[in-house]
Amino acid sequence: MKNQWLNYFSGYVTVRAQGKQLELFLNACARKKIPVWGVKRSRDGVISFKVLRRDLGLVREARWQHRCKLSILRRHGVPFVWRRLWNNNGLLFGAAGFLVIIFLLSNMVWGIEIEGASAQTENKVWEELDKQGVKVGKFLWNVDDLDTIQRNLTRQVDEITWIGVQLDGTKYKLKVVEKNAPEVEKEAGPQHLVAGKKAVVTKLFVETGKPLIEVNDYVQKGQPLVSGIIGKEGNTQTVSAKGDIYGETWYKTTVEIPLEKTFSMYTGKEDELYTIGLFGAQIPVWGFGEKTYTQQTQEVQTKTFRFLQWELPLSFQKVTKRETTEVLRKYEKKDAMAIAKELAEERLARQLDEDATVKGYNVLQQQVKDGKVVLTLHFQVVENIAVPKPILQREENKVKDTENDTN
């Protein structure tokens, strides 16, 4: 019989028939259009055949007319399998409960490791993780994605420059790179200190070496500030000159700010769509008939599921669409100048060391050109201008020759 796999879902039975009118019995089943297949006759005159579960009652009616004795040998198909399972529902529920527990445990955070951080920084990372809800025992689908965790940690913990977040099974692994990591200072050889840029000296602190300049001296780039050759004539030696020489330096910065600027902003209208992903296909479960805005941004959050160490082809996705609108902002010249000044100060701060200070500024030029405010500022900065310069071998030899001649 064709399409026997369909019969398996509806259910069928193997029947044994005994009697003297078996041929007439089978003909009666055919006349009543009862599907019968797999008919076999044994040597003792007994036949067996298969019939659908739903037609079993009609077969029993036909057997009374031809005095046949029927008995069911085997039951096949989903209805009978389900009945056997239901009769053993304790085992069925136990197996289902076991799978559910394994599934839940496979999607739970079981460990968090932090590498590369000092004790103090690690403690702050733990505190921030706790605020974000990243903790042992939390379900993975209730935790933010890796990019969001990494972004929040970088923003909230000032001591770190970069942090990598990786999910290995049910364990989070974090690798931290701290700011201003202490470096092992190499013992510097004999050296001078020279000016790294032209400046007017405002303050000097010499630890070792011979000062060659004084406060208020104007120095050019490369000019010696502290000599690494110390001692009196005939009794000199070379050392590693060390110290801080602060000088007033100058920077010129030009900034352009448009008087009219277009930017996007949210209108407050948003729409959410929830889908279940199965083998790459997204099946909507909530938010049918979502709106499509003329201008919008879309945020997609996807949560995957695991079973033991395997990632299942099953996911839960939340899509948030927010309406945006274009807004034209016009600046007055005065406001644009203030914004340009702030931007110039920010650019300057990125060029300076942490110990540098801005002493003041002068406006060299301000004008409106092609719909833009053009502002040129001249900053006065006090910073450490000393840079090391190794003492060449010939200088050391010259010092030694002078001492030998004196002796």
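This text goes with the structure placed above it.
Quick look at the structure, then. Computed from a predicted model, the values in this text were never measured in an experiment.

### Overview of the pattern of salt bridges
- The full count for this structure, using the stated rule, is 14 salt bridges.
- K173 is the partner of D168 in a salt bridge, and the nearest nitrogen-oxygen pair spans 3.2 Å.
- On the basis of relative accessibility, which here comes to 29%, the residue K173 falls in the partly exposed class.
- A salt bridge links R306 to E311, with the nearest nitrogen and oxygen atoms 3.8 Å apart.
- Among the residues examined, R306 registers a relative accessible area of 14% and is labelled buried.
- Among the ionic contacts, a cluster of salt bridges with common partners joins E270, E299 and R322.

### Some points on the sheet that holds strand β7 (residues 171-178)
- Read across the open sheet, the three strands follow the order β5-β7-β6; overall the sheet is mixed. A single partner strand is all that each edge strand has here, and the edge strands are β5 (111-115) and β6 (160-168). Between one strand axis and the next, the sheet turns by 15° as a mean value, whatever way the strands run.
- Taken together, the eight bridges between β6 and β7 define a ladder with antiparallel strand orientation. Bridging across to β7, I163 finds its partner in V176.
- The strands touched by helix α6 (residues 119-132) are β5, β6 and β7; relative to β5, the strand with the most contacts, the crossing angle is about 145°.
- Set on the sheet, helix α7 (residues 146-156) makes contact with β6 and β7; between it and β6 the angle comes to about 155°.

### Some points on a positive patch on the surface
- Among the surface-exposed residues, R53, R60, R75 and R83 lie close enough to one another that they form a single positively charged patch.
- Looking at where R53 falls in the secondary structure, it is placed in the loop between β3 (47-52) and α3 (56-65).
- Under the relative-accessibility criterion, R53 is labelled partly exposed at 38%.

### Details of the sheet that holds strand β2 (residues 36-41)
- With respect to topology, four strands assemble into an open sheet ordered β2-β3-β1-β4, the strand pairing being antiparallel. Each having just a single partner strand, β2 and β4 (69-76) make up the two edges of the open sheet. Strand after strand, the sheet turns through a mean of 25° between neighbouring axes, direction not considered.
- The sheet contact formed by strand β1 (residues 12-18) and β3 spans six bridges and is antiparallel. For T14, the partnering residue across the bridge sits in β3 and is K50.
- The strands touched by α3 within the sheet are β1, β3 and β4, with β4 carrying the most contacts at an inclination of about 165°.

What counts, and at which threshold
Every residue gets a number counted from 1 within its own chain, in the order that chain's sequence is written. Reporting of local features is limited, given that this is a predicted model, to residues whose pLDDT is at least 70; pairs of side-chain atoms are given and counted only at 80 or more, and all residues count toward the totals for whole chains, interfaces and linings. In computing side-chain values, all of the structure's heavy atoms are included and hydrogens and water are not. By definition here, a salt bridge exists when the distance from a side-chain nitrogen of Lys or Arg to a carboxyl oxygen of Asp or Glu is within 4 Å. Any residue under 20% of the maximum accessible area for its type is buried, any over 50% is exposed, and the rest in between are partly exposed; the area is computed with a 1.4 Å probe on protein chains only. Pairing between two strands requires that DSSP report at least two bridges joining them. The numbering of helices and of strands both runs from the N terminus, where a helix is a DSSP run of H or I of at least 4 residues and a strand a run of E of at least 2. Lines are fitted to the C-alpha atoms to define the axes, a helix being fitted only along its stretch in contact, and any angle between axes, read from their N-to-C directions, falls within 0 to 180 degrees. Any two residues having at least one pair of non-hydrogen atoms within 4.5 Å are treated as being in contact. Without a salt bridge and with relative accessible area above 30%, a residue can belong to a patch; like charges are then joined within 9 Å and nonpolar side chains (Val, Leu, Ile, Met, Phe, Trp, Tyr) within 5 Å. A 1.4 Å probe and the Shrake-Rupley method give the accessible areas. Residues count as covered only by the protein chains that appear here. For the purpose of charge, His is not counted, nor are the chain termini; Lys and Arg are scored as positive and Asp and Glu as negative. For this purpose, a charge sits on NZ of Lys, CZ of Arg, CG of Asp or CD of Glu.

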